[in-house]
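Results of the structural survey
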Amino acid sequence: KVEDVSNTTVKKNDFRGPLFALDGSKNKNWTLLRFNNKENPLQLYNKRYPHAAVKVSVLDLDEWPDAKDTSNTVLLEKFKQLHKTAHKALTVAGLTSDIISSATNYQIAGQSFINIQTKDKKNKEVKQYESMYIIRKGNSLLMFSLMTYSKDKKVFDISNRDFSEMLQKSLTLTPAVK
């Protein structure tokens, strides 16, 4: 089971949790906001790009049993199906969300992540972009969701590159908690 992540702080901008750690000395542009909550342990905000924020989530696979023992390819398809279902509900309110890219073997810190990028619109006008990085750790899914609140795809690309580089430099995946 995922442990409570309260009182896991080592330094002001470090994070040490049961599934991963972020080294604050390598996070010059990103500020961490911690939550004492095992499903959403922290959020990150970018000092240089105030339109970018990251939500970190942990999903216990016991709550999603049909995804428990699947490959990244099958897991990506399950996420795409969830997206498609949510998209149908959003269209009633004039909202749309399109997957603009996806990958099952996105390499971060020597680990294979799933990456899904989406573009959200309201009344056909782009409102935000999202890039999700997902990895299985034991009986959990660890998800980093970068939200870029901008109509400009270039702004999203810069924020996404900066976040991906930060993860490459500072993310350590810890042994899965049983």
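Structure's up top.
What counts, and at which threshold
Residues numbered from 1 in each chain as written. Predicted model: local features only at pLDDT ≥ 70, side-chain atom pairs only at ≥ 80, totals over all residues. Heavy atoms only, no water. Phe/Tyr/Trp six-rings, centres within 6.5 Å; stacked < 30°, edge-to-face > 60°. Helix = DSSP H or I, 4+ residues; strand = E, 2+ residues; numbered from the N terminus. Buried < 20%, exposed > 50% of the residue type's maximum accessible area, 1.4 Å probe, protein only. Lys, Arg positive; Asp, Glu negative; His and termini not counted. Salt bridge = Lys/Arg side-chain N within 4 Å of Asp/Glu carboxyl O. Contact = heavy atoms within 4.5 Å. Polar contact = N/O pair within 3.5 Å; in protein donor to acceptor, adjacent residues only side chain to side chain.

Some points on the packing of aromatic side chains
- Across all of its chains, the model carries 5 aromatic pairs by this definition.
- A centroid spacing of 5.8 Å and a plane angle of 50° characterise the contact between Y133 and F163, whose relative ring orientation is tilted. Of this pair, Y133 sits in strand β8 (residues 125-137) while F163 is found in helix α2 (residues 153-170), placing the two residues 30 residues apart along the sequence. For the pair Y133 and F163, a shared accessibility class is recorded, and that class is buried.
- With a centroid separation of 6.4 Å and an interplanar angle of 50°, the aromatic rings of F144 and F163 are classed as tilted. On the criterion of sequence distance, the pair formed by F144 in strand β9 (residues 140-148) and F163 in helix α2 is long-range, its members being 19 residues apart. Judged on exposure class, the residue F144 and its partner F163 are both buried.
- An aromatic cluster is present here, built from W30, Y106, Y133, F144 and F163 joined pairwise through their rings.

Details of the side chain of D162
- Topologically, D162 is positioned in helix α2.
- Although D162 lies buried, it forms no salt bridge, and the closest oppositely charged side chain, R48, sits 4.3 Å away as judged by the N-O distance.
- Not counting chain neighbours up to four residues away, the residues in contact with D162 comprise N29, W30, N46, R48 and Y49.

A closer look at the pattern of salt bridges
- Under the definition given, this model contains 3 salt bridges.
- E125 is the partner of K151 in a salt bridge, and the nearest nitrogen-oxygen pair spans 2.3 Å. Here the residue K151 occupies a position in the loop between β9 and α2, and E125 occupies one in strand β8, the gap between them amounting to 26 residues.
- Of the residues examined, K151 reaches a relative accessible area of 51% and is grouped as exposed.
- A salt bridge links K153 to D157; the shortest N-O distance between them is 2.8 Å. With K153 and D157 both in helix α2 and 4 residues apart, this pair spans about one turn of that helix.
- We classify K153 as partly exposed; its relative accessible area is 33%.
- Looking at D157, the relative accessible area reads 32%, which means it is partly exposed.

With respect to the side chain of H51
- Within the secondary structure, H51 sits in the loop between β4 (42-46) and β5 (52-60).
- For H51, the side chain forms a polar contact with the side chain of S159, separated by 3.1 Å.
- Contact partners of H51, with chain neighbours within four places excluded, come to M147, T148, Y149, V155 and S159.

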